[in-house]
Amino acid sequence: MQASRARLFKEYKEVQREKVADPDIQLVCDDSNIFKWTALIKGPSETPFEGGVFQLAFSVPEQYPLQPPQVRFLTKIFHPNVHFKTGEICLDILKNAWSPAWTLQSVCRAIIALMAHPEPDSPLNCDSGNLLRAGDVRGYQSMARMYTRLAAMPKKG
Amino acid sequence: MESPEQGHLQYISGGDEYTDEEEIKRQEDFATEKSKASAANKNYTILTEEDIFRRQGDAMASVCSVLSVSKTAACLLLHRYNWSANVVLEKWFASEESVRKAVGLLPESTNPVIGMSRSSSSSSFDEVLCRICFENFPPESFYSAACGHRFCESCWKSYIRTAINDGAGCLTLRCPETSCGGAAAVGLDMIGLLASREDRRKYNQFLLRSYVEENRNRKWCPSPGCAFAVEYHSAGGDDDGDDYNVTCNCSHSFCWNCTEESHRPVDCETLEKWKTKNDAESNNTQWIRINTKPCPQCNRPIEKNQGCNRIACLPPCKFQFCWLCLQNWSVHGYNSCNGYKSTTEKLRIATEEEINRKHFNRYTHFYERWASNENSKKKALLDLGRMDGQLEKLSEAQSQPKLMLDFVVEAWKQIVECRRILKWSYVYGYYLSEEEEESDVNVKLPLFVYLQGQAESGLERLHHCAEQELEQFIYGECNFEKFVDFRSKLKRLTRVTGNYFENLVGALKNGLSEVDSNGDHKRLRRR
Ligand SMILES: [Zn+2]
Ligand SMILES: [Zn+2]
Ligand SMILES: [Zn+2]
Ligand SMILES: [Zn+2]
């Protein structure tokens, strides 16, 4: 508990310094609870998520960093490795390939990479996975783009 | 009490072509041949933890010396390739590069140090940042695997502790640096240095278990609490893969293939089918009393607390009867009652209800005998377990050295084995009778009933002799001559019963083909 708190505090300070360094990621710690974080990430360019801003919720276990944080999308996203209803993410580093050298920041980077390179063979969103597996890239992209517009873009007045 | 002579004559009823002496001689020869053969062809090896440990050590030593690698490297390699030094060498010489990659061994040229290296670089007194805890420490408190990615001692320790307590995955632990991409393994040497005593013990236990669990030819004995492993040498070619029967040194017998209790003479599928059938019928069979029945003469409830089926009611009734068919023992004797007699006539068309009733009666006939033999087997196992103490008493009572009383233990082992075979033979019988009933033939069943009856009747004698006659010598007076007779009787019963069961198993293994080929079996064909 003490170790995880200390480590999270270091990450917090690091985030303050790096804010300018990575314009695609904005990590914020909950005011009252250092084990709860949220992040805003920008959809990577040249993907159907481009132009969108996606919100992630982090729940950090007491055994962190020996055990991975739980992360899910709060923003609706149409992606084969993200559960459409719960926002749960299927990513190996958040499960068995976790290493304590990952940080919340680098997890965000890994999630951005996953948005750009979906893995249709381990789908949490079957519709989306099926489109990609069937080779219907256009179909997948237009669905994903639609949801990006609907959920991840600020409404224009 | 019947005399041994009477008992003896019964074994060969039906064996009209042999005289007593010839029969015994023939069976003795058969028994010696058989034991010679089974010793030579035993298709499995029992391994203790020490055996496994020694074999792992030998394999590591040979990989170390042939490839000139460290013990840590050898251990990683062997774990990857099912603990076969030959496979390791074969793969290594085929493609060293891909093998190194697979187990996380960096090429020697990149870094001469395999495993741990206490960091010595960082010339100045500058503190170094640990990339896990984000704390600064002096360089000498850092460790790294062969890749050179440094983390502080405390972070390494918690990393390793977590991995070991997470399970056997710790055997393929890699450097935690994310950019390292699992290129460098964390092996024995680092574990030895950075894990607690208790965790090192756990790690070694995982290594030991991996020897058995990651090889298809090895399994742990399924008996609860047994620490032996079994290595199975797959039968080569001609054997039609049927001898899955394994007896562990803990005396548990099991089927290699499905790890259920040994179920000779039925195969694994039949066993599954039977279990499903029993589950489906469990509501209908609850009423079947395996352990208590009313005495057929005085109606008082009798609890069966013995293995053999020759039951006597308490005084004053003292009625003796067969537990399975309830017939008066003076009529029944050691004649077998294993056969199932169908009741409905075939001539008229039976109603559906009658057919169901008939099916159910047939099932309960076999089910009851199956369950009853399981109980007798359990009882016999208990008796075998306390035989050492019993022999102590017997030795005192009859002034016989305990060493000379081994034949009693042999008898009990034979009883356990035979009860188990007999039990499963009823499942064979059930499916055989179903098959013949459906196809309206009656060809193999009579031979089956005959062979099973012979075996069963032999076993009942043996069980009675080892159970009840033995007691008379333990608690009765010392009588050398009677005891000598008893010894030869029990030895003979053990041997003869063993042979009857081998005959039964052998015949069932051949699908009772004796009938097939001859068309009609002289003694057995009935109409
Ligand atoms: Zn550290
Ligand atoms: Zn590394
Ligand atoms: Zn065992
Ligand atoms: Zn089996």
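Note that the structure is predicted; figures quoted are calculated from it, not measured.

Participant: So what exactly am I meant to see when it comes to the overall build of chain A here?
Facilitator: Counting its regular elements, chain A contains four helices and four strands. Starting at the N terminus and ending at the C terminus, chain A contains elements arranged as α-β-β-β-β-α-α-α. For 157 residues, the compact-globule estimate of 2.2 N^0.38 gives 15 Å, and chain A sits close to it at 16 Å. In terms of its C-alpha atoms, chain A occupies a principal-axis envelope of roughly 50 × 40 × 25 Å. With 157 residues in all, chain A has 43% of them scored as buried. Accessible area for chain A stands at about 8500 Å²; split by element, carbon and sulfur atoms hold 52% of it. A gap of 5 Å separates the mean positions of the 19 positive and 16 negative side-chain charges of chain A.

Participant: In this structure, what is going on with the UniProt feature "domain: RING-type" (unreviewed entry) in chain B? I would like to understand it.
Facilitator: Within this structure's numbering, the places UniProt gives as "domain: RING-type" (unreviewed entry) are residues 126-341 and 130-176 of chain B. Along residues 130-176 of chain B, the helical share is 30% and the strand share 17%, with 12 Å between the first and last C-alpha atoms.

Participant: Would you mind showing me how to read the coordination of the zinc ion (ligand 4) here?
Facilitator: All names here are of chain B. Around the zinc ion (ligand 4), the donor atoms from the protein are Cys-255 (SG), Cys-258 (SG), His-263 (NE2) and Cys-268 (SG), and they sit 2.0 to 2.4 Å away. Every donor counted, the four donor atoms about the zinc ion (ligand 4) form angles of 101 to 118 degrees at the centre, which fits tetrahedral coordination. Sequence spacing of the donors to the zinc ion (ligand 4): C-x2-C-x4-H-x4-C. Note on accessibility: His-263 and Cys-268 belong to one class, buried.

Participant: So what exactly am I meant to see when it comes to the environment of Ser-395 of chain B here?
Facilitator: All names here are of chain B. Mapped onto the elements of the fold, Ser-395 is located in helix H13 (residues 387-398). Counting along the chain gives 254 residues from Ser-395 to Ser-141, while the straight-line C-alpha distance between them is 69 Å. Ignoring sequence-local partners within four residues, the contact set of Ser-395 consists of Gln-400, Pro-401, Lys-402 and Leu-405. For Ser-395, the side chain forms a polar contact with the main-chain oxygen of Gln-400, separated by 2.7 Å.

Participant: Got a minute to help me understand the coordination of the zinc ion (ligand 2) in this structure?
Facilitator: Geometrically, a metal with four donors at the corners of a regular tetrahedron has ideal angles of 109.5 degrees, and one with six donors at the corners of a regular octahedron has ideal angles of 90 or 180 degrees. All names here are of chain B. Distances from the zinc ion (ligand 2) to its protein donors, namely Cys-147 (SG), His-149 (ND1), Cys-175 (SG) and Cys-180 (SG), fall within the range 1.9 to 2.4 Å. Every donor counted, the four donor atoms about the zinc ion (ligand 2) form angles of 103 to 116 degrees at the centre, which fits tetrahedral coordination. For the zinc ion (ligand 2), the donor residues sit on a single chain with the sequence spacing C-x1-H-x25-C-x4-C. In this pair, His-149 is assigned in the loop between strand E5 (142-144) and strand E6 (150-152) and Cys-175 in the loop between helix H7 (153-166) and helix H8 (188-194), connecting sequence segments 26 residues apart. Its relative accessible area of 24% is what places His-149 among the partly exposed residues.

Participant: Explain the sheet that holds strand E3 (residues 53-59) of chain A here, please?
Facilitator: In a beta sheet, neighbouring strands pair by backbone hydrogen bonds and run either parallel or antiparallel. Residue and element names in this part refer to chain A. Judged by pairing direction, the sheet is antiparallel, and its four strands sit side by side in the order E1-E2-E3-E4 without closing on themselves. Edge strands, defined here as strands with exactly one partner in the open sheet, are strand E1 (25-29) and strand E4 (70-73). With strand direction ignored, the average angle separating the axes of adjacent strands in the sheet is 20 degrees. In terms of strand pairing, strand E2 (residues 36-42) meets E3 through seven bridges, oriented antiparallel. Paired with Trp-37 across the two strands is Phe-58, which belongs to E3. Taken strand by strand, helix H1 (residues 2-18) contacts E1 and E2, and its axis lies near 35 degrees from that of E2.

Conventions and cut-offs
- Residues numbered from 1 in each chain as written.
- Chains lettered and ligands numbered in written order.
- Predicted model: local features only at pLDDT ≥ 70, side-chain atom pairs only at ≥ 80, totals over all residues.
- Heavy atoms only, no water.
- Helix = DSSP H or I, 4+ residues; strand = E, 2+ residues; numbered from the N terminus.
- Rg over C-alpha atoms; globule rule 2.2 N^0.38 Å.
- Buried < 20%, exposed > 50% of the residue type's maximum accessible area, 1.4 Å probe, protein only.
- Areas by Shrake-Rupley, 256 points an atom, 1.4 Å probe, with all protein chains shown as cover.
- Lys, Arg positive; Asp, Glu negative; His and termini not counted.
- Charge placed at Lys NZ, Arg CZ, Asp CG, Glu CD.
- UniProt positions renumbered as here; feature names shortened; annotations may be inferred.
- Donors = N, O, S within 2.8 Å, 3.2 Å for Na, K, Ca; no water.
- Tetrahedral: all angles 85-135°; square planar, octahedral: opposite > 155°, others 65-115°.
- Contact = heavy atoms within 4.5 Å.
- Polar contact = N/O pair within 3.5 Å; in protein donor to acceptor, adjacent residues only side chain to side chain.
- Pairing = 2+ DSSP bridges.
- Axes fitted to C-alpha atoms, helices over the stretch in contact; angles between N-to-C directions.

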